[in-house]
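Per-entry structural report
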Amino acid sequence: MKFGGTSVADLEKIRNVAAHVRREVEAGHQVSVVVSAMAGKTNELVGWCEEACEDYDAAEYDAVVASGELVTAGLLAMTLQGMGIKARSWAGWQAPVKTDGAHGRARIMDIPPENLAAFLDDGGVNVIAGFQGIGPDGRVTTLGRGGSDTSAVAVAAALGARCDIYTDVDGVYTTDPRIDSRARRLEKITYEEMLELASLGAKVLQTRSVELAMTWKVPLRVRSSFDAPDAPSQVTEDGKGPGTLVCEEDEIVEQQVVSGIAYSRDEAQVAIRKVKDKPGVSASIFGPLAGAGISVDMIVQNVSADGEFANLTFTVPRGDLKKALKALEAEKDNIGFEEIASSSSVAKVSVVGIGMRSHAGVAAKMFQVLSEKGINIEAITTSEIKVSVLIDEAYTELAIRALHSAYGLDAE
Ligand code: ADP
Ligand code: ASP
Ligand code: MG
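Thresholds, definitions, all that
- Per chain, residues are indexed from 1 in the order of the written sequence.
- The lettering of chains begins at A and the numbering of ligands begins at 1, in the order of writing.
- This being a predicted model, a pLDDT of at least 70 is required before a residue's local features are given, and a value of 80 or more before pairs of side-chain atoms are given or counted; all residues contribute to the totals for chains, interfaces and linings.
- Values reported for side chains reflect all heavy atoms of the structure, with hydrogen atoms and water molecules removed beforehand.
- The way it works is that DSSP assigns letters per residue, a run of H or I at least four long becomes a helix, a run of E at least two long becomes a strand, and they are numbered from the N terminus.
- For a compact globule the rule gives 2.2 Å times the number of residues to the power 0.38, and the radius of gyration it is set against comes from C-alpha atoms.
- Each residue's exposure class comes from its accessible area (1.4 Å probe, protein chains only) as a fraction of the maximum for that residue type: buried when under 20%, exposed when over 50%, partly exposed otherwise.
- Only heavy atoms matter for contacts: two residues are in contact if any of them lie within 4.5 Å across the pair.
- Only the protein chains shown count as cover for residues, with accessible areas throughout obtained via the Shrake-Rupley method and a probe of 1.4 Å.
- Asp and Glu count as negative and Lys and Arg as positive, but His and the ends of the chain are not part of the count.
- Working definition for charges: the position is that of NZ of Lys, CZ of Arg, CG of Asp or CD of Glu.
- For every residue, the predictor reports its confidence as pLDDT, a number between 0 and 100.
- Working convention: axes come from line fits to C-alpha atoms, limited for helices to the stretch in contact. Angles between N-to-C directions cover 0 to 180 degrees.
- Note on convention: the crossing is left-handed when the near helix lies turned anticlockwise from the far helix by less than a right angle, right-handed when the turn is clockwise.
- Gly counts as polar in this scheme, as do all residues outside two lists: the nonpolar Ala, Val, Leu, Ile, Met, Phe, Trp, Tyr, Cys and Pro, and the charged Asp, Glu, Lys and Arg.
- Put plainly, a pocket is an open set of points on a 1 Å grid over the protein atoms alone with protein on both sides within 12 Å along at least five of seven lines, a cavity is a set where a 1.4 Å probe fits but cannot get out, and a lining residue has an atom within 4 Å of a point.
- Grid points are joined across faces, edges and corners, and a volume is the space filled by probe spheres set on the points.
- Near, as used in this document, describes a residue that has one of its heavy atoms within 4 Å of the molecule or strand being considered.
- Between N or O atoms, a polar contact is any pair within 3.5 Å; within protein, one atom must be a potential hydrogen donor and the other a potential acceptor, and residues adjacent in sequence are included only when both atoms are from side chains.
- A pair of strands is treated as paired once DSSP finds two or more bridges between them.
- Stacked, edge-to-face and tilted labels apply to pairs of Phe, Tyr and Trp rings (six-membered ring for Trp) whose centres lie within 6.5 Å, assigned for plane angles under 30 degrees, over 60, and everything in between, in that order.

Scanning the protein chain from terminus to terminus reveals 13 helices and 20 strands. Here the C-alpha atoms of the protein chain give a radius of gyration of 23 Å, agreeing with the 22 Å that 2.2 N^0.38 yields for 412 residues. When the backbone C-alpha atoms are referred to their principal axes, the protein chain occupies close to 80 × 50 × 30 Å. Counting only residues that meet the buried cut, the protein chain has 49% of its 412 residues in that class. Pairs at least 24 residues apart make up 73% of the contacts formed inside the protein chain by residues separated by at least 6 positions. Roughly 18800 Å² of accessible area belongs to the protein chain as shown, and the carbon and sulfur atoms make up 50% of that amount. Here the protein chain holds 41 positive side-chain charges and 59 negative ones, and the gap between their average locations is 1 Å.

What follows is the structure, given as structure tokens:
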């Protein structure tokens, strides 16, 4: 069971979480719980780091931001004990959640299950601080924002358990219900679609958590922590239950062509004007960006009529824009461009659906709908099961709502 920030935002909510845990214990399950920091806490801690030192040390950042989860793990363990349930908290390093050494975005390498399993076998409930682990040098690491989802799936994989993610919405919706009130809850969604939605901006699950669940075949359910905690136990033997089940394709009977729409405002666009259209130019641009650790997403190239010059447009994470421009300016003579322009007021909107593999016309419909709304497309990328477009950020909601209706996703 994993509970996110809004679900543990204060002591009353923590008591509510404890009641959910008690229900599962009383139903005869062995339970390990992963908790996030209280809502807003991690942002506050990140803010302190930024204030303390402009160019802060990533290892110390982890030491600071990992503290939020320690508080909630301890408080939940106490609350459970107060209800007569045997429980203890585990910091990431105690469990242990072993990660690589990439501070601020570490990957879980291994969770030796012995400690956690022994406590379960003693009849206890494990309460594990999410989002954190221990690196190869023994220092505290964190897994990137939203990382408690990944902690939870990794713990489930290590213990051979299912994983229920409790959050502030009652499942995965066809789009962010905060953007479009006609969004519909999905009973089931495939790992692959969920992976696309998460990586394209739907923050209901951290991308890495879905990857792990898919690899280790962890049954993953997203459900609400605000459901009545004492209602009779909810996930039945045949796997039916509240919320949304993330599962294999063959477990879904009626597959829609488009399952969901995601958006991301974490985008910035860079346009390089008038570079020579000759072999090696793309390498001279994207090499330095890779060298600076910046991942480039959408790329569009167009060549002038005489074939001599090209314009290149691409996107980078918004937070990396300054760094990207600096890296490119430093290589100006080598690349040989006339001008660089950039914009942070862009957004990426994506339609996702496994049915696209066998149905033509999904992209065409997307372009048609956007054109009817007068929304210009700056860049396009596709994969087997998604189409993404880059648009002016001001039109994000309009685009989502229009597409949501056009693909027949609106709730009745
Ligand atoms: P937690 O703190 O529990 O981890 P998050 O805020 O990280 O919760 O994730 C839940 C939020 O994800 C919801 O409040 C919702 O606004 C957002 N969200 C974005 N896309 C979707 C979607 N397709 N379905 C459900 N929720 C979504
Ligand atoms: N508390 C961390 C964050 O806000 C991890 C999480 O909530 O999943 O990013
Ligand atoms: Mg989250």
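This part covers the confidence of the model for the protein chain. For the protein chain, the mean per-residue pLDDT works out to 96, and 98% of the residues sit at or above 70. In the model of the protein chain, strand 15 (residues 299-303) stands out as the element of lowest mean pLDDT, 92, in contrast to strand 6 (residues 125-129), which has the highest, 99.

Contact pair helix 2 (residues 41-52) / helix 3 (residues 58-65): the axes reach a minimum separation of 9 Å and the direction vectors enclose 145°. Here helix 2 and helix 3 pass one another in a crossing that is right-handed. Across from Leu45, Val46 and Cys49 in helix 2, the residues of helix 3 making contact are Tyr61, Val64 and Val65. For the contact of helix 2 with helix 3, the residue count by class is six nonpolar, no polar and no charged.

Moving on, we get to the layout of surface pockets. In this structure, the second largest pocket occupies an estimated 390 Å³ of space. Those elements that provide at least two residues to the lining of the second largest pocket are strand 2 (32-35), helix 6 (148-159) and strand 9 (163-167). It is helix 6 that provides the largest number of residues to the lining of the second largest pocket, a total of four residues. Here the lining of the second largest pocket is built from residues that sort into 10 nonpolar, three polar and four charged.

It is worth spelling out the site of ligand 2 at this point. Close to ligand 2 lie Ser36, Ala37, Thr42, Glu69, Phe131, Arg145, Gly146, Gly147 and Ser148, which account for all nearby residues. Take serine 36: an N or O atom from its side chain is 3.0 Å from an oxygen atom of ligand 2. At 2.8 Å from an oxygen atom of ligand 2 is found a main-chain nitrogen or oxygen belonging to glycine 146. In terms of residue class, the shell around ligand 2 is made up of two nonpolar, five polar and two charged.

Close to ligand 1 lie 16 residues, the nearest being Thr167, Asp168, Tyr173, Asp176 and Arg178. Take aspartate 168: an N or O atom from its side chain is 2.8 Å from an oxygen atom of ligand 1. The separation between a nitrogen atom of ligand 1 and a polar main-chain atom of tyrosine 173 is 2.8 Å. In isolation ligand 1 offers 570 Å² of accessible surface; the protein chains occlude 89% of this area. Its residues assigned to classes, the shell around ligand 1 shows six nonpolar, five polar and five charged.

What follows is about the sheet that holds strand 15. The antiparallel open sheet is built from four strands, whose spatial order is 15-16-14-17. In this open sheet, the two strands that pair with only one neighbour each are strand 15 and strand 17 (339-343). Within this sheet the neighbouring strands show an average axis-to-axis angle of 15°, counted without direction. As defined by bridge partners, strand 14 (residues 267-276) adjoins strand 17 across five bridges and the pair is classed as antiparallel. Residue pairing in the sheet places valine 270 in a bridge with serine 342 of strand 17. Relative to strand 16 (residues 309-317), helix 9 (residues 281-291) is tilted by about 20°, and along the sheet it contacts strand 14, strand 15 and strand 16.

In the structure shown here, the tally under the stated rule is three aromatic pairs. Taken together, a centroid distance of 5.4 Å and an interplanar angle of 10° make the contact between tyrosine 56 and tyrosine 61 stacked. We classify tyrosine 56 as partly exposed; its relative accessible area is 30%. A relative accessible area of 12% places tyrosine 61 in the buried class.

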